[in-house]
Amino acid sequence: MTTKISEGPKVETRREQPYVAIPLEVEFLDWDQVRGLIDEVYKWLKHHKIEAVGEPFYRYWVIGGIEEEFNLEVGVPIERMVSGDEHVITGFIPGGNYATAKHKGHPDYLEDSLYALEQWAVDEGLELDKRYEGDTEIWNGRFEFYLDKPGASRLEEMTIEIAFLLMRDDAA
């Protein structure tokens, strides 16, 4: 395994944060649909004269695979709650304790860092905030924050912060 964790893992407390996002369900083979949505969210914010107050992110509700769909939102944090429309939704990044780490490097190696953070949380006895509906695992707070401005760095130099919400009982 080629882990590219450059900082962490650690537990940190975060406050609730409103956001706007575009939700979608997509298979891994159709991932190109996801890549352009960050720009689309920023265009929506600009059109509505709303400032972003944080880094763009992917929020995963369901982790898919080659043939299973991912259920996710591509979003941007904002200062206060606003109304969405038929394409853009609003929501909150939940406040609470998170297991976090920073991945440095090409996104193709992100899966190794995600696995390493999840394994670290298990080894530390931390319970990740997720539930099951039938056989489907649903995450209440699984995020990837893209810390570099689009086009600001080469893919090999990207920094992506991974954050997994912990169950409310797990203190920092």
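One numbering rule holds for all chains: residues counted from 1, following each sequence as written. Local features in this predicted model are restricted to residues of pLDDT 70 or higher, and side-chain atom pairs are both shown and tallied only at a pLDDT of 80 or more, whereas totals for entire chains, interfaces and linings draw on every residue. Hydrogens and water are ignored here; the side-chain numbers use all heavy atoms of the structure.

**Brief notes about the nonpolar core**
Across soluble globular proteins, nonpolar side chains show a tendency to be buried alongside one another. Residues belong to a common nonpolar core when they are buried Ala, Val, Leu, Ile, Met, Phe, Trp, Tyr or Cys residues joined through side-chain atoms within 4.5 Å. To sort residues, take the accessible area from a 1.4 Å probe on protein chains only and compare it with the maximum for the residue type: under 20% means buried, over 50% means exposed, and anything in between is partly exposed. In this structure, Val20, Trp31, Val34, Tyr58, Leu72 and Val74 are the most contacted members of the largest nonpolar core, which totals 36 residues. Of all the elements in the fold, those that place two or more residues in this core are strand 2 (17–27), helix 2 (37–47), strand 3 (57–62), strand 4 (69–77), strand 6 (96–104), helix 3 (110–123) and strand 10 (159–165). Counting residues in hydrophobic clusters, the runner-up holds nine residues, among them Ala21, Phe143, Phe145 and Leu165. Only DSSP runs of H or I reaching four residues or more are called helices, and only runs of E reaching two or more are called strands; each is numbered from the N terminus.

**As for the sheet that holds strand 1 (residues 5–14)**
As summarised here, the arrangement of the eight strands in space is 1-6-10-9-3-4-2-5, forming an open sheet in which the pairing is antiparallel. Two strands bound the open sheet, and with one partner strand each, they are strand 1 and strand 5 (89–93). Direction aside, the axes of adjacent strands within the sheet are offset by 30° on average. As paired strands, strand 6 and strand 10 are joined by seven bridges and run antiparallel to one another. Across the sheet, tyrosine 98 pairs through a bridge with leucine 165, a residue of strand 10. Residue contacts are defined here by distance: any two heavy atoms, one from each residue, within 4.5 Å place the two residues in contact. Each axis is a line fitted through C-alpha atoms, taken for helices only over the stretch in contact, and angles between the N-to-C directions span 0 to 180 degrees. Its contacts with the sheet put helix 2 on strand 2, strand 3 and strand 4, and the angle it makes with strand 2 is roughly 140°. Contacts between helix 3 and the sheet are confined to strand 1, strand 6, strand 9 (142–146) and strand 10, with strand 10 contributing the most and set at about 35° to the helix. Paired strands are those between which DSSP finds at least two bridges.

**Things to note about the packing of aromatic side chains**
What counts as a ring pair is set by centres within 6.5 Å for rings of Phe, Tyr and Trp (its six-membered ring), and what kind of pair is set by the plane angle: stacked under 30 degrees, edge-to-face over 60, tilted for all other angles. Under the counting rule described, the total for this entry stands at 12 aromatic pairs. With a centroid separation of 5.0 Å and an interplanar angle of 70°, the aromatic rings of tryptophan 31 and phenylalanine 70 are classed as edge-to-face. Remark: phenylalanine 70 occurs in strand 4 and tryptophan 31 occurs in the loop between strand 2 and helix 1 (32–35); sequence separation between them is 39 residues. Classification of phenylalanine 70 by relative accessible area gives buried; the value is 10%. Put simply, the rings of Tyr19, Phe57, Tyr98, Phe143 and Phe145 touch in pairs and so form one group of aromatic residues. Only when the NZ atom of a Lys or the CZ atom of an Arg is both within 6 Å of the ring centre and within 35 degrees of the ring normal do we say a charge sits over the ring. Sitting over the face of the ring of tyrosine 109, lysine 4 holds its NZ or CZ atom 5.3 Å from the ring centroid. A cation over a ring is seen here: arginine 142 above tryptophan 139, with NZ or CZ 4.6 Å from the ring centre.

**What to know about the environment of isoleucine 50**
Turning to its location among the elements, isoleucine 50 is positioned in the loop between helix 2 and strand 3. Those residues within four positions of isoleucine 50 in sequence are excluded, and the remaining contacts are Trp44, Leu45, Ile78 and Val82.

**Some words on the pattern of salt bridges**
Here, a salt bridge means any Lys or Arg side-chain nitrogen found within 4 Å of an Asp or Glu carboxyl oxygen. Tallied over the entire structure, the rule returns 10 salt bridges. Residues glutamate 7 and lysine 10 are paired through a salt bridge, measuring 3.8 Å at the closest nitrogen-oxygen approach. In this structure glutamate 7 comes out as partly exposed when scored by relative accessible area, which is 38%. We classify lysine 10 as partly exposed; its relative accessible area is 37%. Measuring nitrogen to oxygen at the nearest pair gives 3.7 Å for the salt bridge that ties glutamate 133 to arginine 131. Glutamate 133 sits in the partly exposed class, given a relative accessible area of 48%. Classification of arginine 131 as partly exposed rests on a relative accessible area of 35%. When salt bridges with common partners are traced through the structure, they connect Glu7, Lys10, Glu12, Arg14, Lys102 and Glu161 into a single cluster.

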